[in-house]
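Residue-level listing of the chains:
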Amino acid sequence: MMFKSVIGMLCASAVLAIAPAPALAQDEADAAAMEQFAAMGEMFDVEPLTSEQEARLPLAREIMQRVLPEGAMQEMLGSTFDGILGPLMIMAEGDTSVALASSLGYRPSELQLDEAATAEVLEIIDPAWRERGEATSAATQAMMLAMMTRMEPMMREVMTELYAINFNDTQLADIAAFYSTASGEAFARQSYTMASDPRIMAAVFSDPEMILGPMMEMPATLEQAVAGIPAVRRFADLSADEKA
């Protein structure tokens, strides 16, 4: 389901977002982030439910109690870490070139050091880099668990409304009948862990051309797409009045 993909993206985004905070005071940075987040929410117009949709809410809510049972998002987070994010973070935490480049503020390709030299330099400037990486990983998982725990009731209510909007009475009754069976209950629970099964990542990485091919073509494609559009003007291209 779509919202399972949304949850997965939230998990990945939270891991990727772990970076040194800007030089702003933390409370200022937090306030700015909250304001920006709220502004983004105002971009989406939500139509009120019709009376017919309102009448379907009780059955839709009953279905969502089975589709998104208590603790399902936490389970998905755990399986995502165990099957996908965990191995990726372990790989990153064990890469001495990445750790050294991060400590020095360079890209790994700019250092031009072999593995032995990299490990030696890293041992001098940051001998605790492994422990720091492990502590960061554990803290990340704890923070994401807290986020998922708080989000679950909201996601359940939003999906209740979407079910009431997108399915009529007969369809909701059929869906409810399926999820009331043992097979339906098993499907609802297992579909979350299946969405983060390592088999998916193994399949993706088994064919580099499938992913990297289009990405490698992207610079040329984008250059061609904007070929007929005037380039950004440099300061030297401006008139005296524009410079002033």
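For the structure itself, consult the block above.
Position numbers for residues count from 1 along each chain, tracking the sequence in the order it is written. Owing to the predicted nature of the model, reporting of local features is limited to residues with pLDDT of at least 70; listing and counting of side-chain atom pairs is limited to 80 or more, with chain, interface and lining totals taken over all residues. Working from all heavy atoms in the structure, the side-chain values ignore hydrogens and water.

Enquirer: Honestly, the overall build of the protein chain in this entry has me stumped. Any pointers?
Expert: Counting its secondary structure elements, the protein chain contains 13 helices and zero strands. Along its sequence from the N terminus, the protein chain presents helices and strands in the succession α-α-α-α-α-α-α-α-α-α-α-α-α. Only protein chains enter the calculation, and the probe is 1.4 Å; a residue is then buried if its accessible area is under 20% of its type maximum, exposed if over 50%, and partly exposed in between. Taking all 244 residues of the protein chain together, the buried fraction comes to 25%. Long-range pairs, those at least 24 residues apart, make up 75% of the contacts in the protein chain between residues at least 6 apart in sequence. Computed with the Shrake-Rupley method and a 1.4 Å probe, the accessible areas treat only the protein chains shown as cover for residues. For the protein chain, the computed accessible surface area is about 16,900 Å², with 62% contributed by carbon and sulfur atoms. Counting from the N terminus, the helices are the DSSP runs of H or I reaching at least four residues and the strands are the DSSP runs of E reaching at least two. Note on contacts: a residue pair is in contact if any heavy atoms of the two residues lie within 4.5 Å.

Enquirer: Explanation requested: the packing of aromatic side chains in the structure shown.
Expert: We describe a pair of aromatic rings using the distance from one ring centre to the other and the angle between the two ring planes. Only Phe, Tyr and Trp rings are paired, with Trp represented by its six-membered ring, and only when their centres lie within 6.5 Å; those with planes under 30 degrees apart are stacked, over 60 edge-to-face, the remainder tilted. Tallied over the full model, the rule gives four aromatic pairs. On the numbers, 5.2 Å between centres and 70 degrees between planes, the contact of Y163 with F167 is edge-to-face. Clustering of aromatic rings is evident, with ring pairs tying together F178, Y179 and F187.

Enquirer: Help me understand helix α10 (residues 182–195) in this model?
Expert: For an α-helix, the turn length of 3.6 residues means that residues three or four places apart are oriented alike. Every helix has an expected span of 1.5 Å times one less than the residues it contains. Across its 14 residues, α10 extends 20 Å between first and last C-alpha, which sits within 8% of the 20 Å expected from 1.5 Å per residue. Along α10, the helix axis deviates most sharply at R189, where the bend reaches about 30 degrees. Of all the residues in α10, the buried ones are G184, A188, S191 and Y192. Two axes are fitted around each residue, one to the seven residues ending there and one to the seven starting there, and the angle between them is reported as the bend at that residue.

Enquirer: Would you take a moment to explain the nonpolar core for this structure?
Expert: Side chains of a nonpolar character, in soluble globular proteins, are inclined to be buried together. Here, nonpolar core means buried Ala, Val, Leu, Ile, Met, Phe, Trp, Tyr and Cys residues that are tied together by side-chain atoms lying within 4.5 Å of each other. Judged by nonpolar contacts, the single largest core of 24 residues is most densely connected at I63, V67, L68 and Y163. Of all the secondary structure elements, the ones that give two or more residues to this core are α3 (51–67), α4 (72–93), α8 (129–166), α9 (169–179) and α10. The dominant element in this core, judged by the number of residues it contributes, is α8, at seven residues. Residues A99, A101, L111 and L122 belong to the second largest nonpolar core, which totals six residues.

Enquirer: Would you explain the pattern of salt bridges in this entry?
Expert: Two side chains with opposite charge may pair up if their charged atoms get near one another. A pair is scored as a salt bridge if a Lys or Arg side-chain nitrogen falls within 4 Å of a carboxyl oxygen belonging to Asp or Glu. Within this structure, the stated rule accounts for six salt bridges. Here R156 ties to E152 by a salt bridge, and the two come within 2.9 Å at their closest N and O atoms. Highlighted residues: R156 and E152, both in helix α8, separated by four residues, approximately one helical turn. Taken as a pair, R156 and E152 share a single burial class, namely buried. A salt bridge links D237 to R234, with the shortest nitrogen-to-oxygen separation between them at 3.5 Å. For D237, a relative accessible area of 38% corresponds to the partly exposed category.

Enquirer: I'm lost on the packing of α3 against α9 in this one. Help?
Expert: Packed helices, taken two at a time, are described by their axes: the angle between them and the distance between them. The axes are straight lines fitted to the C-alpha atoms, using for helices just the contacting stretch, and the angles between their N-to-C directions are given from 0 to 180°. Packing of α3 against α9 leaves a shortest axis separation of 10 Å and a crossing angle of 30 degrees. Here α3 lies roughly parallel to α9, going by the angle between them. Like other packed secondary-structure pairs, α3 and α9 cross with a definite hand, here left-handed. The residues of α9 that touch α3, namely those facing R56, L59, I63, R66 and V67, are D169, L172, A173, I175, A176 and Y179. Roughly parallel means an angle under 35 degrees; roughly antiparallel means over 145; roughly perpendicular covers 65 to 115; every other angle is labelled oblique. For any helix crossing, the convention is left-handed if the near helix is rotated counterclockwise from the far helix by under a right angle, and right-handed if that rotation is clockwise.

Enquirer: Even after reading the chapter, I still don't get helix α5 (residues 96–104), so can you show me in this structure?
Expert: Looking only at α5, the buried set comprises T96, A99, L100 and A101. Once α5 finishes, G105 follows within two positions and takes phi at roughly 80 degrees, a positive value.

Enquirer: For this particular structure, what's the right way to read a nonpolar patch on the surface?
Expert: A cluster of nonpolar side chains, namely M210, I211, L212, M215 and M216, defines an oily patch on the protein surface of about 500 Å² accessible area. Of note, L212 is situated in helix α12 (residues 208–225). Exposure above 30% relative accessible area and the lack of any salt bridge qualify a residue for a patch; like charges then connect within 9 Å, and the nonpolar side chains Val, Leu, Ile, Met, Phe, Trp and Tyr within 5 Å.

Enquirer: What is the right way to look at the environment of L57 in this model?
Expert: Along the polypeptide, L57 turns up in helix α3. Sequence separation between L57 and A164 is 107 residues, and the spatial gap between their C-alpha atoms is 5.5 Å. The contact partners of L57, leaving out residues within four places of it in the chain, are L49, T160, E161 and A164.

Enquirer: Just checking my understanding: could you explain the side chain of T118 for this structure?
Expert: Residue position: T118 is located in helix α7 (residues 115–125). Residue T118 is classed as buried on the basis of its relative accessible area, which comes to 2%. Looking at T118, its side chain comes within polar contact range of the main-chain oxygen of D114, at 2.8 Å. In contact with T118, other than residues within four places in its own chain, are T96, S97, L100 and L113. A 3.5 Å cut-off defines polar contacts: any pair of N or O atoms within that distance qualifies, except that in protein one atom must be a possible hydrogen donor and the other a possible acceptor, and neighbouring residues in sequence count only when both atoms are side-chain atoms.

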